[in-house]
Amino acid sequence: MQKSLSVYDSDGSTFVPLVVIELVSETKEEAIAWLLNRVRDKQQDGGAELLVEQLTPGAQGTEKDNPNVYVVGASWQRLLYGAEDVGFFKEFNDGSMRGFTYANKHNFKEFQGDGDGFLSMAECQYIIKHELDNLRAKDEAHVPGYPKMKLYPGKSVIRRMQSKGILVQVFPLHEKEELKRLSFSWFKKIKLSFQPLDDIRHYFGEGMALYFGFLEYFTLALIPMALIGIPYYLFDWEDYDKFTVFAGFNLVWCTVILELWKRLSASLAYGWGTLSRKKAFEEPRPGFHGVLGVNPVTGRAEPLYSNAKRQLRIYLVSVPFVLLCLYLSLYVMMIYFDMEGWALMIHDEEPTLWTGLLLFIPSIIYAVVIEIMNLIYRYAAEFLTGWENHRLESTFQNHLVLKVLVFNFFNCFASLFYIAFVMQDMVLLRQSLATLLITSQILNQIMEAFLPYWLQRRRNKKAHKRMIKTMEDKELPLSEQVKLEADMSTYLGTFDDYLELFLLFGYVSLFSCVYPLAAVLVVLNNVTEVYSDAFKMCKVFKRPFSEPAANIGVWQLAFEAMSVIAVVTNCALIGMSPQVKSYFPESETQLIMWVVGFEHFLLASKFILTFVIPDVPKHIQIKLSRLEFESLEALKKRVIPKNNMKGLQGE
């Protein structure tokens, strides 16, 4: 905790600033006073019971600076009660992970003295965000000073002000000393070692740590395939038929690594206290709108929207739009094949070094077009999913992921499927796969790391100078630090990062048998990805709020679906190889039946493996079962005395 940057609340209380709230500069005074009072009010009065103070401009402040910037913190006791409210799990004295309770705080292993250091800064910031999000309107009809900004009992105040544009942003502050230590151990010192996942989790939260854990695991899992692929590629340079063994290895590899990852993520999540944590009740997302009604679960007033209307929007607008985009992608693919034919014709007429290089130009152009189409479609998919008006953020994300995955899969892999199974040109397949893979990796590195940093410099040169001072480890006053971080780009989550890994997994698992160096290229990409992602998290983007997570969520299903497609694809490629065809010289029907039978056998084996390999290691299952047993026993002890008392009263 940055105690050197403590500030004073209006009642004289000293607190460490953890979160920043920025309102628009024209916000009316009565609205500001009302919001600050609600933040400071006691919980029993419907407030958040947090400490908040206006940020005083520093020596370098100007008239252009927004005066409506506030820093928020909380007393240590309030944070400990908040840790109980949000359901944090911590290590107990007996080594098990248990839900934290304030009354039982001294029985937790890391709780020493008054508990200072028991909660990380990321956990404290998450608690404050939780309390701000749960700050609800009471009997106010509207936000003071804004008659048109209607309120109703139970409505989230922060979400309402954010959706109406009064509240610009809410973001957590960096802790400079801890960030400096994390940066040094994470990406400033290039070394062959594992990532500091516990430190990443401590600073950014479990969701971010699981992403980097999966990135590291995926990279390590690729190493055996890369080691096999290098000699396989070198010794069979011109023999494209000898890919049967490599395809068979692909089939086993893509199944086993996903099952083992589930066990590893369960171990990580248990150690971080999120595996057995109950999922919080989801509130309506900020963009959700509808006719005011009563939620039958909470009894609170909130917007209600007909599910029938939503389904009509999905099936009459969204689905046709996605199909239209797939058709456009198919049309662009056919243009690419025309360009390939044109380049091949020129090369055949006059084979030279330059015409040989010309053969790669269509694939490079097509790879760039694919990335542009993916980017445009992403924005369209976000707009369309928002227009569908989903009530919950999780439902919104699931529909968005489905739309984006379907289009990206078709856009990136349709040409490869066409070359492999329609044209049956393994030379062109290898060339196209290599070009698409290399070009997409270069573009992703530019878009993810260098472009945001360059835009940051362009947008605010003064902020960049402050950033350089920070990077040189010079102390900045709180006002300057807040200005610097407020001007940084907002991190939009791990969606794009997981999407990139999903596509790379597809390139490797689907077609790497015809281009064994694919795994090598992906390993090199992932190594640079670790450093570029770490750099942008620490230096380019605002610090995101931590997101408790027990696994990688819907992306696990996406990777498993890709592994099923990989089984079908590799079986088909094996069936097309001359070695296999030679066993069925007279009957193509028998060959097809053999391939289909083999594919069904592998799919059955894959699903059997899924059930045979437990998702949670045995020792963790035992600990979870013991905790559940003790909870039931404790509940019985509470209930039985009450029943005995009733019996005595009856006598």
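As named in an unreviewed UniProt entry, the protein is Anoctamin, taken from Oncorhynchus kisutch. For the record of the protein, the UniProt heading Subcellular location (unreviewed entry) holds the text "Membrane". The annotation that UniProt attaches to the protein under Sequence similarities (unreviewed entry) is "Belongs to the anoctamin family."

**Student:** When you look at the overall build of the protein in this model, what are you seeing that I'm missing?
**Tutor:** Helix and strand content of the protein: 21 helices and 12 strands. Considering the protein as a whole, with its 651 residues, one finds that 50% of them fall into the buried category. When the accessible surface of the protein is summed, it comes to about 32100 Å², and 63% of that surface belongs to carbon and sulfur atoms.

**Student:** Help me understand the packing of helix α7 (residues 206–235) against helix α16 (residues 495–511), please; the structure alone is not making it clear to me.
**Tutor:** Two numbers describe a pair of packed helices, the interaxial angle and the distance between the axes. Running from N to C, α7 and α16 cross one another at 15°; their axes reach a closest spacing of 11 Å. Judged by the inter-axis angle, α7 sits roughly parallel to α16. Two packed elements cross with a definite hand, and for α7 against α16 that hand is left-handed. Contacts from L210, Y211, F214, L215, F218, L222 and M225 of α7 reach α16 at D497, Y498, L501, L504, F505 and V508. Tallied by class, residues from the contact of α7 with α16 come to 12 nonpolar, no polar and 1 charged.

**Student:** Before we go on, may I ask you to explain the UniProt feature "transmembrane region" (unreviewed entry) in the protein in this structure?
**Tutor:** UniProt tags residues 209–231, 243–261, 314–337, 357–379, 400–421, 433–455 and 501–524 as "transmembrane region" (unreviewed entry). From the first C-alpha to the last, residues 501–524 spans 13 Å; its make-up is 75% helix and 0% strand.

**Student:** Whenever I open this one, the packing of aromatic side chains confuses me. Can you help?
**Tutor:** Given two aromatic rings, their pairing is described by the distance between the two centres and the angle made by the two planes. This model, assessed by the stated rule, comprises 37 aromatic pairs. Look at F409 and F413: their rings are 5.2 Å apart centre to centre, the planes differ by 55°, and that puts the pair in the tilted class. Within this pair, F409 and its partner F413 are both found in helix α12 (residues 393–423), separated by 4 residues, close to a single helical turn. Taking NZ or CZ as reference, K90 lies 5.3 Å from the ring centre of F118, over its face. Here the guanidinium or amino end of R543 rests over the ring plane of Y203, the centre of that ring lying 3.7 Å away.

**Student:** Can you help me understand the side chain of H390 in this one?
**Tutor:** Within the secondary structure layout, H390 lies in the loop between α11 (361–387) and α12. Those residues in contact with H390 that sit more than four places away from it in its chain are R285, F288, R310, I314, T385, T395, F396 and H399.

**Student:** Looking at this structure, I do not really get the pairing of strand β11 (residues 291–294). What am I missing?
**Tutor:** When a strand is regular, its side chains alternate between the sheet's two faces. Here β11 pairs with strand β12 (residues 301–304) via 4 bridges, running antiparallel. Along β12, the bridge assignment pairs V294 with A301.

**Student:** Would you take a moment to explain the environment of Y126 for this structure?
**Tutor:** Mapped onto the secondary structure, Y126 falls in helix α3 (residues 121–133). Assessed through its relative accessible area of 15%, Y126 is described here as buried. Sequence-wise, Y126 and V19 are 107 residues apart; in three dimensions their C-alpha atoms are separated by 9.4 Å.

**Student:** How should I be thinking about the sheet that holds strand β10 (residues 167–172) in this particular structure?
**Tutor:** Note: strands within a sheet are paired through backbone hydrogen bonds, in either parallel or antiparallel orientation. Spatially, β4-β5-β3-β10 is the arrangement adopted by the 4 strands of the open sheet, whose pairing is antiparallel. The open sheet has two edge strands with one neighbour each: β4 (51–54) and β10. Adjacent strand axes in the sheet meet at a mean angle of 20°, parallel and antiparallel pairs treated alike. When β4 meets strand β5 (residues 69–73), the two strands line up antiparallel, connected through 4 bridges.

**Student:** Explanation requested: unusual backbone geometry in the structure shown.
**Tutor:** Positive phi, close to 55°, is recorded for E49, a residue that is not glycine. One non-glycine residue with positive phi stands out, namely N389, at about 65°. Turning to its location among the elements, N389 is positioned in the loop between α11 and α12. On the basis of relative accessible area, N389 is assigned to the buried category, the value being 0%.

**Student:** I tried to follow the nonpolar core on my own but got confused; where do I start?
**Tutor:** Nonpolar side chains in soluble globular proteins tend to be buried together. W186, W253 and W555 are the most contacted members of the largest nonpolar core, which has 110 residues in total. Considering every element that reaches this core, the biggest residue donor is α7, with 15 residues. Not counting residues up to four positions away in its chain, the partners in contact with W253 are F218, A221, L222, M225, F505, V508 and S509. Counting residues in hydrophobic clusters, the runner-up holds 48 residues, among them V19, L119, I128 and I158.

**Student:** Explain the environment of L591 here, please?
**Tutor:** Position of L591 among the secondary structure elements: in helix α20 (residues 588–612). Along the chain, L591 and G575 lie 16 residues apart, while their C-alpha atoms are 7.1 Å from each other. Not counting the four nearest positions on each side in its chain, L591 is found in contact with G575, V580, K581 and F584.

**Student:** What is the right way to look at the pattern of salt bridges in this model?
**Tutor:** Oppositely charged side chains can pair when the atoms bearing their charge come close. For the structure shown, the criterion picks out 20 salt bridges. A salt bridge links E53 to R40; the shortest N-O distance between them is 3.8 Å. Here R40 lies in helix α1 (residues 29–40) and E53 lies in strand β4, a separation of 13 residues in the sequence. Under the relative-accessibility criterion, E53 is labelled partly exposed at 23%. Here R40 falls in the partly exposed class, since its relative accessible area comes to 26%. Of the charged contacts, one joins E259 and K262 as a salt bridge, the two residues approaching to 3.4 Å between their closest N and O atoms. Of the two residues, E259 and K262 both sit in helix α8 (residues 244–272), 3 residues apart, roughly one turn of that helix. On the accessibility criterion, E259 (3% relative accessible area) is buried. Among the ionic contacts, a cluster of salt bridges with common partners joins K90, E123, R201 and E206.

Quick notes on the rules
Residues numbered from 1 in each chain as written. Predicted model: local features only at pLDDT ≥ 70, side-chain atom pairs only at ≥ 80, totals over all residues. Heavy atoms only, no water. UniProt positions renumbered as here; feature names shortened; annotations may be inferred. Helix = DSSP H or I, 4+ residues; strand = E, 2+ residues; numbered from the N terminus. Buried < 20%, exposed > 50% of the residue type's maximum accessible area, 1.4 Å probe, protein only. Areas by Shrake-Rupley, 256 points an atom, 1.4 Å probe, with all protein chains shown as cover. Axes fitted to C-alpha atoms, helices over the stretch in contact; angles between N-to-C directions. Parallel < 35°, antiparallel > 145°, perpendicular 65-115°, else oblique. Left-handed = near helix turned anticlockwise from the far one by under 90°. Contact = heavy atoms within 4.5 Å. Nonpolar A, V, L, I, M, F, W, Y, C, P; charged D, E, K, R; others polar. Phe/Tyr/Trp six-rings, centres within 6.5 Å; stacked < 30°, edge-to-face > 60°. Lys NZ or Arg CZ within 6 Å of the ring centre and 35° of its normal. Pairing = 2+ DSSP bridges. Core = buried A, V, L, I, M, F, W, Y, C linked by side-chain atoms within 4.5 Å. Salt bridge = Lys/Arg side-chain N within 4 Å of Asp/Glu carboxyl O.

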